[in-house]
Amino acid sequence: MKTAVKLIGGIVILLVIAGAALATFVHLGHPPTYETLALELAIESTPERVARGKVLASAICLGCHMDPVTQKVTGKHMSDTPPEFGAIYSKNITRHPEKGIGSWTDGELAYLLRTGVGRDGVYVPPYMVKLPHMSDEDLASILAFLRSDDPLVAPEAVDPPGVTRPSFLTKLLTRLVFAPIPYPDAPVVDPPPDDEVALGRYLVVNLDCFSCHSEDFKTTNVEHPEETPGYLGGGNPLLGLSGETVFSANLTPHETTGIGSWSRDEFVRAVREGFRPDNTPILYPMAPMPELSEAEVGAMYTYLRSVPVIARAVPKRERPTRAEQDEGERHYYYYGCYSCHGDDGLGIADLRRAASKFPSDAELRRWVEDPSTIRPGTKMPTWRGVIREEHYAPLIAHVRRLGEQAALAKPE
Ligand code: HEC
Ligand code: HEC
Ligand code: HEC
């Protein structure tokens, strides 16, 4: 009896020591590295590819790589990544040879984008998108765009504001659960142009709608998207810029908890312009995608009507708990400006210089009402018809005040 107790005690102690050793190894150790394939790729650049690549990059990459102040793709703090993953910073992906990706070969970029393994062999955990299902032609277009003379990717000698420090959990998951995606061993072709459902699926998968809109990032199945738990049923708890929880929406055709009652036109407006049928704004981290064509968004609609229905009522997004000072600030929160511009006007796009860029209230109002006529293709939503007439003046006063507060806070 005594020996048995001792034996069990001994085993328990050994397990504890082994567990602690594993934890220390994972914690202190570098992330695992993998072999990379030396791909012989030389992407030919054509104007068509650059244009197509810009659309895809605008829909997929820019949100994560855009500096909020300069609106250049020089990297930023991903403040909306759940803190359990650690401190995450995206990188400078301009054409700059040292600070950016100017010295990466096409093969290295393609390998990273498909598998998640960078040219140093390090696997980027779930916070960087992976595109194993994107057609060779579309991938070539993204590369052609990244190499192009478009001002968005013009070389910028700027470092991101910090370096990624993955948490223990991320390191553990990269050792035990997440694995690089195998590089496709056969050509990946475009979906047939006359098959709407196939085109819709292709876009829902490759524009990464499914990973935000399924149950949880920790269970996203990149290789077999449909096997992701709660596929497109929403409820993934994401973070807003004020640290508030924002649940992704149920995109399955369930009549009340999903988008089963939406018309095609309503869906197209929602995705391209950022408003639901009832005129409420669809807020960050969802972003309007005006770069997609009506036909493309329509195809996604058709596909979404064909996926298995999930009855899942997604909780409403949390409102940041802030004591609003006056009427203007109240509208700033009511209309959801805070969700993209943060509490202080910075957020994902800095509006604090708007006061000097648009000197008169009429000009500033014109921007807020219809920014796409001033800057075509902008991701700032068009508020005409949504903001009530009497709300403009106080709202604009608040935008100006955010600019003044930022100027006061600066030492210069
Ligand atoms: C969900 C956010 C997210 C999206 C979407 C995203 N990236 Fe990234 N990307 C990151 C983060 C974060 C890193 C840095 C990872 C790290 O430090 O471990 C990164 C790293 C990279 C790198 C490596 C750069 C280097 O110098 O190491 C390249 C290249 C890159 N991204 C290109 C792209 C392209 C092209 C797209 C669109 C097809 C894209 N990314 C979409 C978040 C994202
Ligand atoms: C970065 C994560 C993310 C990505 C990528 C994303 N979404 Fe969303 N989406 C969300 C979140 C979060 C919401 C809820 C926003 C809110 O509460 O205002 C949402 C809301 C929506 C809504 C409104 C639905 C409703 O019932 O309110 C639609 C439609 C939608 N997304 C479609 C798409 C499509 C189509 C794609 C791909 C092209 C996509 N989303 C990509 C996070 C994302
Ligand atoms: C879905 C995200 C989103 C929401 C919601 C949003 N904006 Fe914006 N806003 C942007 C983006 C992105 C830009 C940068 C546009 C560009 O440069 O093309 C911007 C730019 C601006 C600018 C101009 C800044 C400059 O320096 O040029 C102002 C002013 C502004 N927004 C005000 C508002 C107000 C007021 C609201 C609420 C009614 C609001 N925004 C809601 C995304 C958003």
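The structure presented is a predicted model; accordingly, all values stated were derived computationally and were not measured. (Residues numbered from 1 in each chain as written. Chains lettered and ligands numbered in written order. Predicted model: local features only at pLDDT ≥ 70, side-chain atom pairs only at ≥ 80, totals over all residues. Heavy atoms only, no water.)

A. Fine view of the coordination of the iron atom of ligand 3. Looking at the iron atom of ligand 3, one finds its protein donor set to be His341 (NE2) and Met380 (SD), positioned 2.0 to 2.1 Å from the metal centre. Here the iron atom of ligand 3 binds 6 donor atoms, and the angle range of 88 to 179° at the metal identifies the geometry as octahedral. One end of the pair, histidine 341, is in helix α12 (residues 337–341); the other, methionine 380, is in the loop between α15 (371–374) and α16 (392–409), with 39 residues separating them in the sequence. Its relative accessible area of 12% is what places histidine 341 among the buried residues. (Donors = N, O, S within 2.8 Å, 3.2 Å for Na, K, Ca; no water. Tetrahedral: all angles 85-135°; square planar, octahedral: opposite > 155°, others 65-115°. Helix = DSSP H or I, 4+ residues; strand = E, 2+ residues; numbered from the N terminus. Buried < 20%, exposed > 50% of the residue type's maximum accessible area, 1.4 Å probe, protein only.)

B. How the structure looks around the coordination of the iron atom of ligand 2. Distances from the iron atom of ligand 2 to its protein donors, namely His213 (NE2) and Met286 (SD), fall within the range 2.0 to 2.2 Å. Given the relative accessible area of 26%, methionine 286 is considered partly exposed.

C. Focus on the site of ligand 2. Residues in contact with ligand 2 amount to 23 residues; listed here are only the nearest, Cys209, Cys212, His213, Arg276 and Met286. Between ligand 2 and arginine 276 there is a distance of 2.4 Å, counted from an oxygen atom to a side-chain nitrogen or oxygen. Within the side chain of arginine 317, one N or O atom sits 3.0 Å away from an oxygen atom of ligand 2. With 3 residues, the single largest contributor to the shell around ligand 2 is helix α8 (residues 209–213). Looking at the shell around ligand 2, its residues break down into 18 nonpolar, 2 polar and 3 charged. (Near = heavy atom within 4 Å. Polar contact = N/O pair within 3.5 Å; in protein donor to acceptor, adjacent residues only side chain to side chain. Nonpolar A, V, L, I, M, F, W, Y, C, P; charged D, E, K, R; others polar.)

D. Representation of the site of ligand 1. Neighbouring ligand 1 are 22 residues, the closest being Cys61, Cys64, His65, Met128 and Thr164. Measuring from an oxygen atom of ligand 1, one finds a side-chain N or O atom of threonine 164 at 2.9 Å. Listed by contribution, the elements that provide at least two residues to the shell around ligand 1 are α3 (62–65) and α4 (106–115). Counting residues per element, the shell around ligand 1 draws most heavily on α4, which supplies 3 residues.

E. Highlighting unusual backbone geometry. The linkage connecting tyrosine 284 with the following residue, proline 285, adopts the cis geometry, with an omega of 5°. Its location among the elements puts proline 285 in the loop between α9 (264–273) and α10 (294–304). Here the phi dihedral of aspartate 208 falls at roughly 65°; this positive angle occurs in a residue that is not glycine. Within the element layout of this structure, aspartate 208 appears in the loop between α7 (196–206) and α8.

F. Molecular detail of the pattern of salt bridges. For the coordinates displayed, the defined rule picks out 24 salt bridges. Between lysine 99 and aspartate 159 there is a salt bridge, with its nearest N and O atoms 3.0 Å apart. Of the two residues, lysine 99 sits in the loop between β1 (86–87) and α4 while aspartate 159 sits in the loop between α5 (136–146) and β2 (165–166), which places them 60 residues apart along the sequence. Classification of aspartate 159 as partly exposed rests on a relative accessible area of 48%. Across the pair arginine 365 and glutamate 389 runs a salt bridge whose closest N-O atoms are separated by 2.9 Å. Placement of arginine 365 in helix α14 (residues 361–369) and of glutamate 389 in the loop between α15 and α16 is noted, with a sequence separation of 24 residues between them. Looking at arginine 365, the relative accessible area reads 23%, which means it is partly exposed. Taking the relative accessible area as the measure of exposure, glutamate 389 reaches 51% and is therefore exposed. Residues joined in a network through salt bridges with shared partners are Arg52, Asp138 and Glu296. (Salt bridge = Lys/Arg side-chain N within 4 Å of Asp/Glu carboxyl O.)

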